[in-house]
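# Structural characterization, general
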Amino acid sequence: MEDLIGKLEERLKQPLPGRAAYGGMIPRMAKKKISFKFDEEPRKGAVLILLYPDAGLIKFPLIQRPVYEGVHSGQIALPGGRFEIADENLIQTALRETHEEIGVPSDQIEIIGQLSEFMVSASNHLVLPVVGYSRLKPSFLKDDFEVDEIIEAPLDHLLDAGRIKEKEIVTTYGYRLHSPYYDLEGKVVWGATAMMLSEFVQIINDL
């Protein structure tokens, strides 16, 4: 793991693939294009890709959102959330939200770098994916209000192209999409999370 972390840290200092890495994971409308229009500027947010060792594997946590009246109801996501005024920067946002949602203290996480900012059009958020690692397997504790389930996904599974599949997905607002997704631990990881992870996959594959 230390070898991977060192290589990742150096690679993340270089130019990132950004949108060029998202193509294979972009959902497509079945009949018409979705158009999202907001009067206000996008809100800033951050998520964390947290690598950690577990029984000889490298894993990272995903969360399943609860079912609620909102655009991301029930979806699989990386831990994270909105920037708050008390946060010094978006890296601190990612660390704070990770602590709040899955119980991992920031002093157990070492930051490696960050991916490209990602515009989540459906909720009008500009999200920074942050990459970090823990030298030990964390003791997870979920926030029952924000998290239904914590999924511990092996990094090897994310890197396995055979786990990229496609299905029809009906969104919260009734849109029907033909969407690629990652099949991770029996969960359908699609949309913004899948596209952010696809950039991470490309970066690792370039090492």
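Structure: see above.
Keep in mind that what you see is a predicted model, and the values were worked out from it rather than measured. (Residues numbered from 1 in each chain as written. Predicted model: local features only at pLDDT ≥ 70, side-chain atom pairs only at ≥ 80, totals over all residues. Heavy atoms only, no water.)

Looking only at helices and strands, the chain features four helices and 12 strands. In summary, the chain has a C-alpha radius of gyration of 16 Å against a globular reference of 17 Å for 207 residues, a match within 12%. Taken along its principal axes, the extent of the C-alpha atoms in the chain is 45 × 40 × 30 Å. Per-residue burial over the chain gives 47% buried out of 207 residues. Taking the contacts inside the chain whose residues are at least 6 apart along the sequence as the reference set, 66% of them involve residues at least 24 apart. Here the chain has roughly 10,700 Å² of accessible surface; of this, 50% comes from carbon and sulfur atoms. Averaging the coordinates of the 23 positive side-chain charges in the chain and doing the same for the 32 negative ones gives two points 8 Å apart. (Helix = DSSP H or I, 4+ residues; strand = E, 2+ residues; numbered from the N terminus. Rg over C-alpha atoms; globule rule 2.2 N^0.38 Å. Buried < 20%, exposed > 50% of the residue type's maximum accessible area, 1.4 Å probe, protein only. Contact = heavy atoms within 4.5 Å. Areas by Shrake-Rupley, 256 points an atom, 1.4 Å probe, with all protein chains shown as cover. Lys, Arg positive; Asp, Glu negative; His and termini not counted. Charge placed at Lys NZ, Arg CZ, Asp CG, Glu CD.)

Turning our attention to helix H1 (residues 2-11). Within H1, burial applies to Leu-4, Ile-5, Leu-8 and Arg-11. Projection of H1 onto a plane perpendicular to its axis shows the buried side chains occupying an angular sector of 130 degrees, all on one side. The elements touched by buried residues of H1 are strand S2 (43-54), strand S3 (57-64), strand S6 (110-114), strand S8 (125-133), helix H3 (155-158) and helix H4 (191-205). (Arc of directions from axis to C-beta.)

A few words now on unusual backbone geometry. Phi at Ala-55 takes a positive value of approximately 55 degrees, unusual for a residue other than glycine. Relative to the elements of secondary structure, Ala-55 occurs in the loop between S2 and S3. Positive phi is not limited to glycine here, since Glu-185 has a value of about 50 degrees. Take Glu-185: it is sitting in the loop between strand S11 (176-184) and strand S12 (187-189).

Considering the arrangement of structural elements, one finds Ala-194 in helix H4. Once residues within four sequence positions are removed from consideration, Ala-194 is found in contact with Met-25, Tyr-182 and Val-189.

Right, let's get into the packing of aromatic side chains. According to the stated counting rule, one finds two aromatic pairs in the structure shown. Between Tyr-52 and Phe-140, the ring centres sit 5.6 Å apart and the planes meet at 65 degrees, which makes this aromatic pair edge-to-face. Residue Tyr-52 is found in strand S2, and its partner Phe-140 is found in the loop between S8 and strand S9 (149-154); the two are separated by 88 residues along the sequence. For Phe-140, a relative accessible area of 21% puts it in the partly exposed group. (Phe/Tyr/Trp six-rings, centres within 6.5 Å; stacked < 30°, edge-to-face > 60°.)

The next point concerns the environment of Ala-20. Topologically, Ala-20 is positioned in the loop between H1 and strand S1 (28-29). Ala-20 sits 156 residues away from Arg-176 along the chain, and the two C-alpha atoms are 25 Å apart.

Take the pairing of S8 next. For S8, the tally of buried residues reaches eight of nine residues, placing the bulk of the element in the interior. As defined by bridge partners, S2 adjoins S8 across nine bridges and the pair is classed as parallel. Across the sheet, the residue bridging to Ala-46 is Leu-128, located in S8. Relative to S8, S6 runs antiparallel, the two sharing four bridges. (Pairing = 2+ DSSP bridges.)

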